[in-house]
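# Descriptive structure summary
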Amino acid sequence: MTRYKRHIALNEIGAKGQSKINNTSVLVVGVGGLGSPVIEYLSRAGVGVIGIIDFDNVELSNLQRQIIFSEDDLNKNKAICAQEYIKKINLSIKTKAYSEALTIRNGSEIIQQYDIIVDGTDDVKIRYLLNDFCVLLNKPLVYAALYKFEGQISVFNYKEGPTYRCLFPIIPKEDELPNCSQTGVLGVVPGILGIYQANEVLKIILDIGDVLSGSVLSINLLKNTHTTFKFSKNEMEVNKLIEKGVPYSDSISLMNSDYRISLNSLTIDDKCIFVDVRNEDEEPVIIHKKIHHIPLGKLKNEISNIISDKKIIFFCSSGKRSIKASNFTNKNFNVQSFSLKEGALMLNKWINE
Amino acid sequence: MEYTVRYYGQIAELVDSNEEFIFSEADTIQRFIKDLIQIHPILKGKTFQVVQNNQIKREGALIRKAVIDLLPQFSGG
């Protein structure tokens with residue numbers, strides 16, 4: 001316990017509190033500007049199990065604020081890089097990396113394995129999805145979101161407290177909410193918010209202090225203002241969700257419409273099949289037991305022949321047709337399908353290597 | 001009656017202000033927001049939460065001289 005002696009020295013934590021931290025599991029959904037500092041601090045604090053879910057790869061423009069990644073990680077899956085990072089900090093932590101998107105299909109199965117869920121996403125649809133799963137599975141959800149130099153932090157569904165839908169019952173139109181890639185963000189803003197999230201996680205575990213349940217902390221880092229707003233549980237909203245029993249939206253689709261996956265996050269032994277949606281005459285011809293060939297035009301009639309419990313990864317030359325194939329399949333079948341970021345050329349090379 | 005109105009995020013950008021004083025004779029929050037939209041038509045159709053004296057409240061009586069905050073949803077992470 002030498003590692004944690006500064007924690008243990010605190011009367012509010014002690015050996016008993018540290019043991020609680022070591023025996024808690026936390027799922028971090030999205031390893032971007034918010035998720036990175038959360039992982040940094042929770043792994044140093046000794047959280048027993050950390051799950052990380054992110055389908056995306058590390059890009060050069062991420063390094064300005066996503067502090068757990070380096071240039072060595074470029075083009076590699078974020079969840080897997082985060083897992084490696086945690087191992088370097090604290091080998092005693094059990095980790096699980098999910099190199100996929102959180103979806104209406106896999107959400108329940110993944111979230112139910114963890115005690116506390118951290119929202120590090122940058123998509124409002126996923127925030128509602130995450131909220132709904134947390135309500136239905138009775139998990140506290142530690143939330144933060146940002147806009148340029150401002151941020152909001154709160155904890156939802158804590159001891160049956162208010163939820164994200166209680167704070168924001170009206171789902172905004174898709175074009176109302178730009179994300180960081182469209183508006184820009186000062187690197188330290190998600191850093192500060194993520195540390196707040198890690199702090200709320202530790203307070204929940206230790207049952208100390210005032211958890212931001214029923215409160216949203218609004219921060220403006222240009223003006224150095226911190227304002228807390230109170231909000232109540234909207235029983236009607238919560239009951240509506242519980243009655244439905246699944247995440248829902250009356251106005252937008254909670255289905256992620258762009259499932260992309262990279263070869264960097266796959267191995268040839270994964271439980272998946274590849275589907276070539278190019279026309280028969282396109283080069284290179286790739287032959288492998290895991291590859292099926294269904295040109296996009298025939299997908300509607302032939303896709304049911306290959307549906308199984310395996311992940312389906314569509315590919316073409318540029319990724320355009322494979323995204324269409326993935327969107328169609330996710331919308332119409334109860335399977336998890338993705339569009340391969342790299343095209344047929346790279347896949348051919350990857351298979352032969 | 002004069003009210004202090006504070007704006008956040010995208011809403012502050014739309015009205016080009018973080019804080020201003022608004023005169024209104026409204027007796028409910030909804031009517032106050034209608035008055036506000038008359039002053040700032042750009043807010044029409046926008047989604048935000050209304051906070052009265054640090055308590056989020058979308059409807060009900062308007063407290064005299066309350067501080068009103070318009071809190072939009074953020075999506076960035």
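This one's a predicted model, so the numbers in the text were calculated from it and none came from an experiment.

### Some points on the sheet that holds strand 13 (residues 337-340) of chain A
Residues and elements named next belong to chain A. A sheet is described by the order of its strands in space; here 5 strands give the open sequence 9-13-12-10-11, paired in parallel fashion. Of all strands in the sheet, those with a lone pairing partner are strand 9 (260-261) and strand 11 (291-293), marking the two edges. With 2 bridges connecting them, strand 9 and strand 13 associate as parallel partners. Residue pairing for strand 13: Ile261 is matched across the bridge by Leu340.

### Details of unusual backbone geometry
Leave glycine aside and you will find that most residues have negative phi; peptide bonds, for their part, are mostly trans. The linkage connecting Glu283 of chain A with the following residue, Pro284 of chain A, adopts the cis geometry, with an omega of -10°. If you trace the backbone, Pro284 of chain A turns up in the loop between strand 10 (272-276) and strand 11. The phi dihedral of Asn53 of chain B is positive, around 50°, even though this residue is not glycine. At Lys65 of chain B, a position not held by glycine, the phi torsion is positive, near 60°.

### Section: the domain arrangement of chain A
All names here are of chain A. Taken domain by domain, chain A consists of domain 1 (2-244) and domain 2 (261-352). Inter-centroid distance (C-alpha atoms) of domain 1 to domain 2 is 32 Å. Opposite the 10 residues of domain 1 that make contact, domain 2 presents 6 residues.

### Considerations on the pairing of strand 10 of chain A
Residue and element names in this part refer to chain A. Where strand 10 lies against strand 12 (residues 311-315), 5 bridges are found, and the strand directions are parallel. Bridge pairing in strand 12 links Phe274 to Ile313. Sheet topology places strand 10 next to strand 11; 3 bridges connect them, and they run parallel. Considered in strand 11, the bridge of Asp276 is made with His293.

### Topic: helix 3 (residues 35-45) of chain A
Residues and elements named next belong to chain A. For helix 3, the tally of buried residues reaches 9 of 11 residues, placing the bulk of the element in the interior. Looking at helix 3, one finds that the buried residues are Gly35, Ser36, Pro37, Val38, Ile39, Glu40, Leu42, Ser43 and Ala45. Tucked inside the fold, the buried residues of helix 3 contact helix 2 (14-22), strand 1 (25-29), strand 2 (49-53), helix 4 (78-89), strand 4 (116-119) and helix 9 (188-206). Backbone geometry just after helix 3 places Gly46 at a positive phi near 90°.

How each quantity is defined
Residues numbered from 1 in each chain as written. Chains lettered and ligands numbered in written order. Predicted model: local features only at pLDDT ≥ 70, side-chain atom pairs only at ≥ 80, totals over all residues. Pairing = 2+ DSSP bridges. Helix = DSSP H or I, 4+ residues; strand = E, 2+ residues; numbered from the N terminus. Domains from an automatic or database assignment. Contact = placed C-beta atoms within 7 Å. Buried ≥ 20, exposed ≤ 12 C-beta atoms within 10 Å, placed from the backbone.

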